[in-house]
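# Overview (structure and organization)
Chain residues, written in single-letter form:
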Amino acid sequence: MPIDFDTIVNLSKKRGFVFQSSEIYGGFRSAYDYGPLGVELLRNVKEQWWHSMVRMRDDIVGIDSAVIQAPQVWVASGHVASFSDPLVECRNCHNRFREDKLDDPDQCPACGERDSFTEPKQFNLMFKTHMGPVETDENIAYLRPETAQGIFINFENVRRTARMSLPFGIAQIGKSFRNEITPGQFVFRTREFEQMEMEYFCRPDEADTWFRYWVDERRRWYLDLGMREENLRLRPHGADELSHYSVGTFDVDYRFPWGWDELEGIANRTDFDLRQHSEHSGVDLSYFDQERNERFLPYVIEPAAGATRTTFAFLIDAYREEEVRGETRVVLGLDSRLAPVKVAVLPLSKKPQLMEVSQRIADALRTRWAIEHDITQSIGRRYRRQDEIGTPYCVTVDFDSLDDGAVTVRDRDSMAQDRISMDKLASYLAERLT
Ligand code: GAP
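Below or above, wherever it landed, is the structure these notes cover.

What counts as what
- Residues numbered from 1 in each chain as written.
- Predicted model: local features only at pLDDT ≥ 70, side-chain atom pairs only at ≥ 80, totals over all residues.
- Heavy atoms only, no water.
- Near = heavy atom within 4 Å.
- Polar contact = N/O pair within 3.5 Å; in protein donor to acceptor, adjacent residues only side chain to side chain.
- Areas by Shrake-Rupley, 256 points an atom, 1.4 Å probe, with all protein chains shown as cover.
- Helix = DSSP H or I, 4+ residues; strand = E, 2+ residues; numbered from the N terminus.
- Pairing = 2+ DSSP bridges.
- Axes fitted to C-alpha atoms, helices over the stretch in contact; angles between N-to-C directions.
- Salt bridge = Lys/Arg side-chain N within 4 Å of Asp/Glu carboxyl O.
- Buried < 20%, exposed > 50% of the residue type's maximum accessible area, 1.4 Å probe, protein only.
- Contact = heavy atoms within 4.5 Å.
- Patch = residues over 30% accessible without salt bridge, like charges linked within 9 Å, V, L, I, M, F, W, Y side chains within 5 Å.
- Expected span 1.5 Å × (residues − 1).
- Disulfide = S-S within 2.5 Å.
- Parallel < 35°, antiparallel > 145°, perpendicular 65-115°, else oblique.
- Left-handed = near helix turned anticlockwise from the far one by under 90°.

Before going further, it helps to examine the site of the ligand. Every one of the 21 residues lining the ligand counts as a neighbour, but Glu-146, Glu-180, Thr-190, Glu-197 and Glu-262 are closest to it. One nitrogen or oxygen atom from the side chain of Arg-269 is found 3.4 Å from a nitrogen atom belonging to the ligand. Contact distances for the ligand include 3.0 Å between an oxygen atom and a backbone N or O atom of Gly-306. If the ligand stood free it would expose 560 Å²; the protein chains cover 92% of that surface. Contributing elements (two or more residues each) for the shell around the ligand: β10 (192-202), β13 (259-270) and β16 (299-306).

This is the structure:
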């Protein structure tokens, strides 16, 4: 059964995944802070992306480029001229909306007034600032609205220094900023967010093949990390939806509580970006293909995902409620690679003999995994809390442990319990945690 939006937002706040930013000042709209569990989940999502896109491949390398780049970058990329959304204002209540996201283009969703919208104006989404102490038009700089351009402008640096030949990719994870007209749905659409983008450079005549390859590969990544197949779909963009740089885009959509919405876009950006940067910078970014003895501008296939949005989707997807002995059990069935805490160590009581053993076990396991040494409340409540935050294994130290040198390991999903000798505990967990 699909989870409702408020349930997941409440769980996120209650358990410390995500907090409203600046909460003690009444909150700052559309900005969020990741709490102790949220930051682990977000880091694990990014780590899994980096692992599959960079570490496991010899045709892709990573970079970490600056957030603030030369303003010419954004002129060349087309963002200064075309990175905008149609903005309308209600003449009655003065709220502003993205025209293309209105359910009814003739009725204000805030005050209900009909035919009250102004003519749409194109509103540029880039955040502007000034470099240095003088605020003049010459000093305008932009916070990057996508990580991709940092990759294009380093194409030649990376190709040369990493000695890459086509086809090859450059990957980057980092913050991006967009002055969204209508941010919303919790961390789904925010003005500051994180992206995971990879630009795959290839021969123009091989672009279609690589496009299909990356669409399949990216879908597989979500499924491999346990996302439910029925909640994922691939959707081709219609011609009127394509970004200014794309000749073909597939979205990976997720079934959010409010309906299907985008998780990631995979686009064929052709040679648009390298051509634009060659022309605007005067630096030739073409590639000499030794095998074919020809020079050309490579085409680019771009899988572009949102790290924060994907984290939110994994959280929603993992949530389930079950009836156990007449009570509702809430479980986050996260893949163990994503779970913020891998193992919770729980002494049955706070008696010093037990605490000493459980602390020793927690410290030993901590060298390999994210561990919680959870000592408060009854054992039942502690299990419930660990289920709710998605911890795959709980290790309970009881009074028998002092005699038999064994502990009880409880599996989050089956709730089955195994009695395991303490000296075998690490290898038992290693076999089960991916
Ligand atoms: N370089 C191409 C590009 O940026 P995009 O479709 O605009 O393409 C890629 O963005 C991904 O970044 C989206 O699929 C989404 O997951 C994420 N994203 C975009 N805008 C976002 C926002 N305002 N808040 C959260 N995530 C966002």
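Structure's up, so let's keep going.
This paragraph deals with the sheet that holds strand β20 (residues 371-373). Taking strand neighbours across the sheet as the criterion, the five strands line up as β20-β19-β21-β22-β23 in an open arrangement whose pairing is mixed. Each of the sheet's edge strands pairs with one partner strand only, and the pair in question is β20 and β23 (417-421). Sheet twist, expressed as the average angle between the axes of neighbouring strands with direction ignored, equals 25 degrees.

On to the pattern of salt bridges. All chains considered together, the criterion is met by 42 salt bridges. Among the ionic pairs, Asp-251 bridges to Arg-235, the shortest N-O distance being 3.3 Å. Here Asp-251, found in strand β12 (residues 248-256), pairs with Arg-235, found in strand β11 (residues 232-236); they are 16 residues apart in sequence, far enough to count as distant.

Two faces, one strand: in a regular strand the side chains alternate between the faces of the sheet. The sheet contact formed by strand β17 (residues 319-324) and strand β18 (residues 327-332) spans six bridges and is antiparallel. When the bridges of β18 are listed, Glu-322 appears paired with Arg-329. The loop that links β17 with its antiparallel partner β18 comprises two residues; one of these, Arg-325, has a positive phi angle of about 45 degrees.

Positionally, Arg-269 belongs in strand β13. A relative accessible area of 0% places Arg-269 in the buried class. A distance of 2.7 Å separates a polar atom in the side chain of Arg-269 from a polar atom in the side chain of Glu-302. Among residues more than four places away in sequence, those in contact with Arg-269 are Glu-146, Ala-148, Gln-149, Phe-152, Glu-199, Tyr-245, Val-300 and Glu-302.

Bringing a nonpolar patch on the surface into the picture now. Together, Leu-348, Phe-399 and Leu-402 make up a nonpolar patch on the protein surface, roughly 240 Å² of accessible area in all. Looking at the element boundaries, Phe-399 is found in helix α12 (residues 399-404). Given the relative accessible area of 37%, Phe-399 is considered partly exposed.

Attention now moves to unusual backbone geometry. Residue Pro-167 follows Leu-166 across a cis peptide bond; omega there is -5 degrees. When you line up the elements, Pro-167 lands in the loop between α6 (155-161) and β9 (168-177). The backbone of Ser-22 sits at a positive phi, close to 55 degrees, despite the residue not being glycine. Among the secondary structure elements, Ser-22 is positioned in the loop between β1 (18-20) and β2 (32-34). With phi around 65 degrees, Met-415 is a residue other than glycine that occupies positive phi space. Following the sequence through the fold, Met-415 ends up in the loop between β22 (406-411) and β23. Assessed through its relative accessible area of 27%, Met-415 is described here as partly exposed.

On to helix α2 (residues 36-55). The terminal C-alpha atoms of α2 lie 26 Å apart, and with 20 residues this matches the ideal 28 Å at 1.5 Å per residue to within 8%. By the burial criterion, the buried members of α2 are Leu-37, Gly-38, Leu-41, Leu-42, Asn-44, Val-45, Lys-46, Gln-48, Trp-49, Trp-50, Met-53 and Val-54.

This next bit is on the state of the cysteines. Scanning the model with the defined rule gives zero disulfides in all. A disulfide-free cysteine, Cys-111 has its sulfur positioned 3.7 Å from the sulfur of Cys-90, the nearest such atom. Judged by its relative accessible area of 33%, Cys-111 is partly exposed.

Considering the arrangement of structural elements, one finds Thr-408 in strand β22. Residues Thr-408 and Met-422, spaced 14 residues apart in sequence, show a C-alpha to C-alpha distance of 9.5 Å. Each residue touching Thr-408, except ones within four places of it in the same chain, is listed here: Cys-394, Val-395, Thr-396, Asp-398, Gln-417, Asp-418 and Arg-419.

Take the packing of α2 against helix α9 (residues 307-318) next. With their axes 9 Å apart at the nearest point, α2 and α9 run at an angle of 110 degrees to one another. Judged by the inter-axis angle, α2 sits roughly perpendicular to α9. Our pair here, α2 against α9, has a crossing hand that is right-handed. Where α2 abuts α9, its residues Leu-41, Leu-42, Val-45 and Lys-46 lie against Ala-307, Thr-308, Thr-310, Thr-311, Phe-314 and Leu-315.

Just geometry here; none of it tells us what the structure is for.
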